Amino acid sequence: MIIPANEFAEADKVLGAVSGETSEDAIVLHFDIRYAVGQAHEQIIERIQAQAEAAGGRIVDILNDDPYYVQADDPRVQLLTATYNDVLGCEARPVAVGDGTHARFIPRALNFGPEFHADHVPAVDGIDLETPPFIAPGAGNAHGADEWASLKNLKTAFVLYALGLVRLDQYLQ
């Protein structure tokens, strides 16, 4: 989206999911908008376009990735959730993530893997939830520069993947 430079003084700052740059005659904004399954991206674009036009701006380029979602009652999701619970001895529920997933590129694909984090998984034997002492408090999250996994958790993840694949293969045959 391009807005005339005189409309916004500080639009070159990163503001959550909005970033931008300025030139002598324009401010270029980049939006990373996560929207709900079932919500049409066209409605979001229409509202942004109306605001841009009111400020004398325009939308120049749109790249959209529709949300990808598989219902929790899908038999494959239930099978993999049961596998997770069997291995960990808990009653976890499937988790939908709000970011882009590689599964969207393969028809009927699922993301499946361990989320060994105290906010998501009850404390059970076989996994470490304590952050190692060399990781700063609040750091060490997935996909970050300081992401970590204990050997204990990697071994548990291996069992989850192996058993999940065997069960999924049996289900699909």
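Refer to the structure presented above.
Small disclaimer: the values here were computed from a predicted structure and weren't measured.

About the cut-offs
Residues numbered from 1 in each chain as written. Predicted model: local features only at pLDDT ≥ 70, side-chain atom pairs only at ≥ 80, totals over all residues. Heavy atoms only, no water. Helix = DSSP H or I, 4+ residues; strand = E, 2+ residues; numbered from the N terminus. Buried < 20%, exposed > 50% of the residue type's maximum accessible area, 1.4 Å probe, protein only. Polar contact = N/O pair within 3.5 Å; in protein donor to acceptor, adjacent residues only side chain to side chain. Patch = residues over 30% accessible without salt bridge, like charges linked within 9 Å, V, L, I, M, F, W, Y side chains within 5 Å. Areas by Shrake-Rupley, 256 points an atom, 1.4 Å probe, with all protein chains shown as cover. Salt bridge = Lys/Arg side-chain N within 4 Å of Asp/Glu carboxyl O. Lys, Arg positive; Asp, Glu negative; His and termini not counted. Charge placed at Lys NZ, Arg CZ, Asp CG, Glu CD. Expected span 1.5 Å × (residues − 1). Contact = heavy atoms within 4.5 Å.

Caption draft 1: Region of interest: the side chain of serine 150. Secondary-structure assignment places serine 150 in the loop between helix H2 (75–88) and helix H3 (151–172). Overall, the relative accessible area of 14% leaves serine 150 in the buried class. In this structure the side chain of serine 150 is engaged in a polar contact, spanning 3.0 Å, whose partner is the backbone nitrogen of asparagine 153.

Caption draft 2: Seen up close, a negative patch on the surface. A contiguous patch of negative charge on the surface is contributed by Glu42, Glu46, Asp65 and Asp66. Locating aspartate 65 in the fold gives a position in the loop between helix H1 (41–54) and H2. When its relative accessible area of 48% is taken as the criterion, aspartate 65 is described as partly exposed.

Caption draft 3: Highlighting unusual backbone geometry. The phi dihedral of arginine 108 falls on the positive side, at around 65°, and the residue is not glycine. Mapped onto the elements, arginine 108 comes out in the loop between H2 and H3.

Caption draft 4: Here's a closer look at H2. The terminal C-alpha atoms of H2, which comprises 14 residues, lie 20 Å apart, in line with the 20 Å expected from a rise of 1.5 Å per residue. Every buried residue of H2 is accounted for by Arg76, Val77, Leu79, Leu80, Thr81, Thr83, Tyr84, Asn85 and Leu88. If you follow the buried residues of H2, they end up packed against H3. Sitting at the head of H2, aspartate 74 places a side-chain oxygen 2.8 Å from the backbone nitrogen of arginine 76. Among the residues trailing H2, glycine 89 stands out with phi positive, at a value near 65°.

Caption draft 5: View of the pattern of salt bridges. Under the criterion given, the structure shown has 2 salt bridges. For arginine 76, the salt bridge goes to aspartate 74, with nearest N and O atoms at 3.1 Å. With respect to class, arginine 76 is no different from aspartate 74; both count as buried. Where arginine 167 meets aspartate 86, a salt bridge forms, and the shortest distance between an N and an O atom there is 2.9 Å. On the criterion of sequence distance, the pair formed by arginine 167 in helix H3 and aspartate 86 in helix H2 is long-range, its members being 81 residues apart. Arginine 167 gets classed as partly exposed once you look at its relative accessible area, which sits at 23%.

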